[in-house]
Amino acid sequence: MTLSGDFIPAEDDLYDEPLNPVVFGIELTPKVLGILAALAGIGLAIFLFQRFVQPVRLSNQALRATIAEKEQQLATQAERLEEIAKLEEEREAALIQRRNVYSLFSDESSMDTLLIDINQRIKNSNASIGAARNQITARGIPPILVEAQLKQFVPSGETVIQDSSLGEEVNDILKRQTYSVEFAGDFAQTQSILSNVERLEPLLLIRDFSLASSETVTETVLNSQGQVIGQPKQRINSTFQVDALIPTGDPSAPPAIAPPPPPVEGETVEEPPQ
């Protein structure tokens, strides 16, 4: 059959019009749409990251930095507290040692009883002759015995040590209370009294010691047969100075810290850590 008078378009003319929408000259094929959708997703992800995630991330970083700083400060404070506790323990140990050392020295209360203490030591040295006196008296014979006697005890004032006589280290730290002492007795009594004075609790310095023989006394004593006989005995006079050393400061208070020396001209002074 022959067609005549009718126009049959060419096959190519049937496909001149695109089957998909065209935007800005680009046919929106499924592939192009997929690419555009991917790009839109990436853009949206970047927007969301910048808008929401990035501020939170920066805030978390700042928060972690703040936490690390606070933790470091806490660690530093803990170390300082440990150092302070250690220093306080060392300070308390030093004060205990200071009080123990100061307890060796005299104080005002011990000075009030020093005369009584020395006089008691002298009386104690006469205890050995008490039995002999009683036995001689029992025989109706007046006993003649050499007794130790305190003849002088005179305080001569209190002065702060500043002459380096005991070393420069104790200048202005100790003060000296001086007493002039004189007593009499025989050799054994003198030896006993001096030994007992050295055993007194406060620290005492004995100086300018002098011994001088006095009159000879004929004592009445008992011999090995129990007979009362006369026996010559030398009386000895002892004179000396007693220095009682007394701390000038309070043993319970820490010593004052000397100020640092002034900086040398041109020398940089470091500031103490805060």
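Please read all numbers here as calculations on a predicted model, not as lab measurements.

About the thresholds
- Residues numbered from 1 in each chain as written.
- Predicted model: local features only at pLDDT ≥ 70, side-chain atom pairs only at ≥ 80, totals over all residues.
- Heavy atoms only, no water.
- Salt bridge = Lys/Arg side-chain N within 4 Å of Asp/Glu carboxyl O.
- Helix = DSSP H or I, 4+ residues; strand = E, 2+ residues; numbered from the N terminus.
- Buried < 20%, exposed > 50% of the residue type's maximum accessible area, 1.4 Å probe, protein only.
- Phe/Tyr/Trp six-rings, centres within 6.5 Å; stacked < 30°, edge-to-face > 60°.
- Pairing = 2+ DSSP bridges.
- Polar contact = N/O pair within 3.5 Å; in protein donor to acceptor, adjacent residues only side chain to side chain.
- Expected span 1.5 Å × (residues − 1).
- Arc of directions from axis to C-beta.
- pLDDT = per-residue confidence, 0-100.

### Remarks on the pattern of salt bridges
Enumeration over the complete set of coordinates arrives at eight salt bridges. Linking D243 and R176 is a salt bridge whose minimum nitrogen-to-oxygen distance equals 3.4 Å. A residue pair is termed long-range when its members are at least 10 positions apart, and D243 in strand β6 (residues 228-247) and R176 in strand β4 (residues 174-185) qualify at 67 residues. Both residues of the pair, D243 and R176, belong to the buried class. The closest approach of N and O atoms between D186 and K233, which form a salt bridge, is 3.2 Å. Here D186 is found in the loop between β4 and α5 (187-198), whereas its partner K233 is found in strand β6, with 47 residues between them in sequence. For D186, a relative accessible area of 7% translates into the label buried. Three or more residues are tied together by salt bridges with common partners; here these are R176, R207, D208 and D243.

### A short note on the packing of aromatic side chains
Scanning the entire structure with this criterion turns up four aromatic pairs. Ring centres of Y102 and F105 lie 6.4 Å apart, and the angle between their planes is 75 degrees; on these two criteria the pair is classed as edge-to-face. Using a relative accessible area of 17% as the deciding quantity, one classes F105 as buried. The interplanar angle of 75 degrees and the centroid separation of 6.2 Å between the aromatic rings of F183 and F240 together place this pair among those described as edge-to-face. A residue pair is termed long-range when its members are at least 10 positions apart, and F183 in strand β4 and F240 in strand β6 qualify at 57 residues. Exposure remark for F240: the relative accessible area of 3% places this residue in the buried category. Ring pairing ties together the aromatic residues F183, F209 and F240, which thus form one cluster.

### Regarding the pairing of β6
Of the pairings in the sheet, the one linking β4 to β6 comprises 12 bridges and is antiparallel in character. From the neighbouring strand, S180 faces β6, where its bridge partner is Q241. Pairing of strand β5 (residues 204-222) with β6 involves 15 bridges; the strand directions are antiparallel. Looking at the pairing, S213 lines up with I236 of β6. Linking β5 to β6, which pair antiparallel, is a turn of five residues; within it G226 sits at a positive phi near 80 degrees.

### What about the side chain of T178?
By the secondary structure assignment, T178 is in strand β4. Among the polar contacts listed, one links the side chain of T178 to the side chain of D243, at a separation of 2.8 Å.

### Regarding α5
Counted at 1.5 Å a residue, the expected span for α5 with its 12 residues is 16 Å, and the 17 Å between its end C-alpha atoms agrees. For α5, the full list of buried residues reads Q189, T190, I193, L194 and V197. Along α5, the residues classed as buried sweep out an arc of 125 degrees about the axis, all on the same side. Across α5 from its buried face, at more than 90 degrees, point the exposed residues F187, Q191 and E198. Near the N-terminus of α5, the side chain that reaches the backbone nitrogen of A188, with its oxygen 3.3 Å away, is that of D186.

### Some words on the confidence of the model for the protein chain
Taken over all residues, the pLDDT of the protein chain has a mean of 80, while the share at 70 or more is 83%. Here strand β1 (residues 22-23) stands out as the element of the protein chain with the lowest mean pLDDT, 66, in contrast to β4, whose mean of 91 is the highest.

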